[in-house]
Amino acid sequence: MSLDDLPDIASLSSIAEVKPAARNRIARAPDRLTRAEELRLQLADEIVRGTLAPGSALDETDIARRFKVSRTPVREALRQLAASGLVEARAHRGAVVAQPSIERLGGMFEAMAELEALCAGLSAERMAPADRHRLEAIHEELRVLSYAGDPDRFNAVNEQFHAFIYAGSQNAHIAEITLATRKRVQPFRRAQFRNLGRFAQSHAEHDRVVVAIMRGDRNGAANAMRAHIERVHGEYELYAHSV
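Confidence along the protein chain averages 86 in pLDDT terms, with 87% of residues attaining 70 or more. Averaged over each element, pLDDT in the protein chain is lowest for helix 1 (residues 22-28) (37) and highest for helix 9 (residues 198-215) (97). Throughout residues 1-31 the model reports pLDDT below 50, and contacts reaching past four residues in sequence, or to other chains, amount to 67 contacts.

As structure tokens, then:
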């Protein structure tokens, strides 16, 4: 799989429909989101922060009116949140805010850690030299953003960083599974950046991954990425306890 096969960061779901211009589109606008994606992130943030408490009803009509959209993107956003365990869809009774169990959340992060470790290890062996330089450039942008106080931009470029590594695995099937899993875990990954100093810490963890990929060290890249995702899980738990 090449970077030309990389899917739009906003969708994180379809590799088959990617056009050859995807690489440049991602480099220019990694934070372009569909309305359903925007709604998903907004509602997820409110749920994770506790603004929407467990058990709260999520009426499609009310949400559509609140955000001035049709019910179609609302329905899609709720469907995606249900996949993350943040929403419980009840037949004929509407959706309510849920709270994923420790076991479910732990399982999702465990899968995420192993899939990202696999992608990083394969990228160390297979990523093209030009794409390694582009990965370094994204890594440098994250370093600057870690001090800029712009969490939305940091989140967008952070997703770009990880997506480049998925693509660098040169295995479309593994990349697709990894992207789909990331989408489920995304609300919790975003929340951990509210912890003090987390941007800089995340960049330091990325640095170990990038150095290993540049050296062609498959085991080193896999271990560094696995440790990074395990740290993300721990940081989310710290944030969850704080709210």
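Attention shifts here to the pairing of strand 3 (residues 94-97). Pairing analysis gives two bridges linking strand 1 (residues 57-58) to strand 3, with the strands arranged antiparallel. Residue pairing in the sheet places Ala57 in a bridge with Val96 of strand 3. Across four bridges, the pairing between strand 2 (residues 87-90) and strand 3 is antiparallel. Bridge assignment links Ala89 to a residue of strand 3, and that residue is Ala95. Remark: three residues form the turn of the hairpin made by strand 2 and strand 3, two consecutive strands paired antiparallel; His92 in that turn has positive phi of roughly 65°.

On to the side chain of Arg40, then. Within the element layout of this structure, Arg40 appears in helix 2 (residues 35-49). In terms of polar contacts, Arg40 uses its side chain to reach the side chain of Glu37, at 2.7 Å.

In this section: helix 7 (residues 151-168). Between its first and last C-alpha atoms helix 7 spans 26 Å; for 18 residues at 1.5 Å apiece the expected length is 26 Å, and the two agree. Counting buried residues along helix 7, 15 of its 18 residues qualify, which places the element largely inside the surrounding structure.

Turning to the nonpolar core, a few remarks are in order. Counting residues in each nonpolar core, the largest one holds 58 residues, and the members touching the most others are Leu58, Leu78, Leu135, Ile165, Phe188 and Ile213. With nine residues, helix 5 (residues 102-126) is the single largest residue contributor to this core.

Per the stated rule, a full pass over the model turns up 19 salt bridges. A salt bridge links Arg153 to Glu141; the shortest N-O distance between them is 2.8 Å. Placement of the pair is Arg153 in helix 7 and Glu141 in helix 6 (residues 129-145), with a sequence separation of 12 residues. Overall, Arg153 belongs to the partly exposed group, its relative accessible area being 21%.

Relative orientation of the contacting elements helix 5 and helix 9 amounts to 35°, with a least axis distance of 7 Å. Along its contact with helix 5, which presents Ala120, Ser123 and Ala124, the element helix 9 presents Val209, Ala212 and Ile213. Among the residues forming the contact of helix 5 with helix 9, the class breakdown is five nonpolar, one polar and no charged.

This paragraph deals with unusual backbone geometry. For Lys68, which is not a glycine, the phi torsion comes out positive at approximately 60°. Residue placement: Lys68 occurs in the loop between helix 3 (60-67) and helix 4 (71-84). What makes Lys68 exposed here is its relative accessible area of 76%. Unlike most non-glycine residues, Gln170 shows phi in positive territory, near 60°. Here Gln170 lies in the loop between helix 7 and helix 8 (172-191).

Thresholds, definitions, all that
Residues numbered from 1 in each chain as written. Predicted model: local features only at pLDDT ≥ 70, side-chain atom pairs only at ≥ 80, totals over all residues. Heavy atoms only, no water. pLDDT = per-residue confidence, 0-100. Helix = DSSP H or I, 4+ residues; strand = E, 2+ residues; numbered from the N terminus. Contact = heavy atoms within 4.5 Å. Pairing = 2+ DSSP bridges. Polar contact = N/O pair within 3.5 Å; in protein donor to acceptor, adjacent residues only side chain to side chain. Expected span 1.5 Å × (residues − 1). Buried < 20%, exposed > 50% of the residue type's maximum accessible area, 1.4 Å probe, protein only. Core = buried A, V, L, I, M, F, W, Y, C linked by side-chain atoms within 4.5 Å. Salt bridge = Lys/Arg side-chain N within 4 Å of Asp/Glu carboxyl O. Axes fitted to C-alpha atoms, helices over the stretch in contact; angles between N-to-C directions. Nonpolar A, V, L, I, M, F, W, Y, C, P; charged D, E, K, R; others polar.

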